[in-house]
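Listed below, chain by chain, are the residues.
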Amino acid sequence: SAVISQKPSRDICQRGTSLTIQCQVDSQVTMMFWYRQQPGQSLTLIATANQGSEATYESGFVIDKFPISRPNLTFSTLTVSNMSPEDSSIYLCSVGQYNQPQHFGDGTRLSIL
Amino acid sequence: SQQGEEDPQALSIQEGENATMNCSYKTSINNLQWYRQNSGRGLVHLILIRSNEREKHSGRLRVTLDTSKKSSSLLITASRAADTASYFCATEGTSYDKVIFGPGTSLSVIP
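Cut-offs used in this document
- Residues numbered from 1 in each chain as written.
- Chains lettered and ligands numbered in written order.
- Predicted model: local features only at pLDDT ≥ 70, side-chain atom pairs only at ≥ 80, totals over all residues.
- Heavy atoms only, no water.
- Helix = DSSP H or I, 4+ residues; strand = E, 2+ residues; numbered from the N terminus.
- Buried < 20%, exposed > 50% of the residue type's maximum accessible area, 1.4 Å probe, protein only.
- Contact = heavy atoms within 4.5 Å.
- Areas by Shrake-Rupley, 256 points an atom, 1.4 Å probe, with all protein chains shown as cover.
- Lys, Arg positive; Asp, Glu negative; His and termini not counted.
- Charge placed at Lys NZ, Arg CZ, Asp CG, Glu CD.
- Salt bridge = Lys/Arg side-chain N within 4 Å of Asp/Glu carboxyl O.
- Pairing = 2+ DSSP bridges.
- Disulfide = S-S within 2.5 Å.

Novice: Help me understand the overall build of chain B in this model?
Specialist: When its secondary structure is counted, chain B shows zero helices and 11 strands. Reading chain B from its N end, one meets helices and strands in the order β-β-β-β-β-β-β-β-β-β-β. In terms of principal-axis extent, the alpha carbons of chain B reach across some 45 × 25 × 20 Å. For chain B, the proportion of its 111 residues judged to be buried stands at 45%. Partitioning the contacts of chain B with sequence separation of at least 6, the portion at a separation of at least 24 is 55%. Carbon and sulfur atoms provide 45% of the accessible area of chain B, an area that totals close to 5100 Å². Averaging the locations of the 12 positively and 11 negatively charged side chains of chain B gives two centres separated by 4 Å.

Novice: How should the pattern of salt bridges be read in this particular structure?
Specialist: When charged atoms on two side chains of opposite charge get close, those side chains can pair. Per the counting criterion, the structure on display carries five salt bridges over all chains. For E55 of chain B, the salt bridge identified is with R62 of chain B, shortest N-O distance 3.1 Å.

Novice: I keep staring at the pairing of strand β4 (residues 31-37) of chain A and nothing clicks. Help me out?
Specialist: On any regular strand, side chains alternate: one points to one face of the sheet, the next to the other face. Residue and element names in this part refer to chain A. With seven of its seven residues buried, β4 lies for the most part within the structure. Summarising the sheet, β4 and strand β5 (residues 43-50) pair through seven bridges and their orientation is antiparallel. Paired with F33 across the bridge in β5 is T48. Hairpin geometry of β4 and β5 is characterised by an intervening segment of five residues between the two adjacent antiparallel strands and by a positive phi of about 75° at G40.

Novice: Even after reading the chapter, I still don't get the state of the cysteines, so can you show me in this structure?
Specialist: Covalent bonding between the sulfur atoms of two cysteines defines a disulfide. Residues and elements named next belong to chain A. Counted by the stated rule, this structure contains two disulfides over all chains. Bridging C23 to C93, the disulfide has an S-S length of 1.9 Å. What sets the handedness of the C23 and C93 disulfide is the S-S torsion sign, and at about 70° it is right-handed. Residue C23 is found in strand β3 (residues 19-25), and its partner C93 is found in strand β9 (residues 89-95); the two are separated by 70 residues along the sequence. You'll find C23 and C93 in the same group, each marked buried. Looking at C13, it has no disulfide partner, and the nearest cysteine sulfur is the one in C93, 17 Å off.

The values reported here are purely geometric and, on their own, carry no functional implication.
Structure, rendered in structure tokens:
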């Protein structure tokens, strides 16, 4: 199964700033996913990142707020822009193929002051 | 929304007892997956059951799927304190493009 590394593991940021989260996979994968998990809640899909095309965003998430890059088949970044306290969450990347389990990184714990 | 409900939201049992968690969903699915999350860390995959399967086992875990009722259950037998975690079901739709998570069940196993 794929091994996924996420950086940073946690950060504390000032409101109005932006943070870029990196996700590195140890094998080539077609589909990568970014989720947000607000405190005490389940995972909400932000977007699907496919190499060579624009990310597909879910309802309620926009590219200006959460720009995503997918430069190759083993790497993706998610930027949380112009952060506010409401953005305090765990952000997780995952990889998966259809009809197969998803594999997750350990997540990035983000706190906004 | 593709995903429905999980119940109970929270479950507290004694070590050695069985724990049952239920999941319902709204639309047709390709498969249903169960995950465990310890203390807000990354998720660990437990079992994937495909839409043409009715039951699956893995160690102390048993998952059932009833597509006519759009529901699934996860049974953990002979629970241990180490089973304390949040458990989530997730569904992959028939378009194969994404996996959507349910609200989850918080399980506490008391030694």
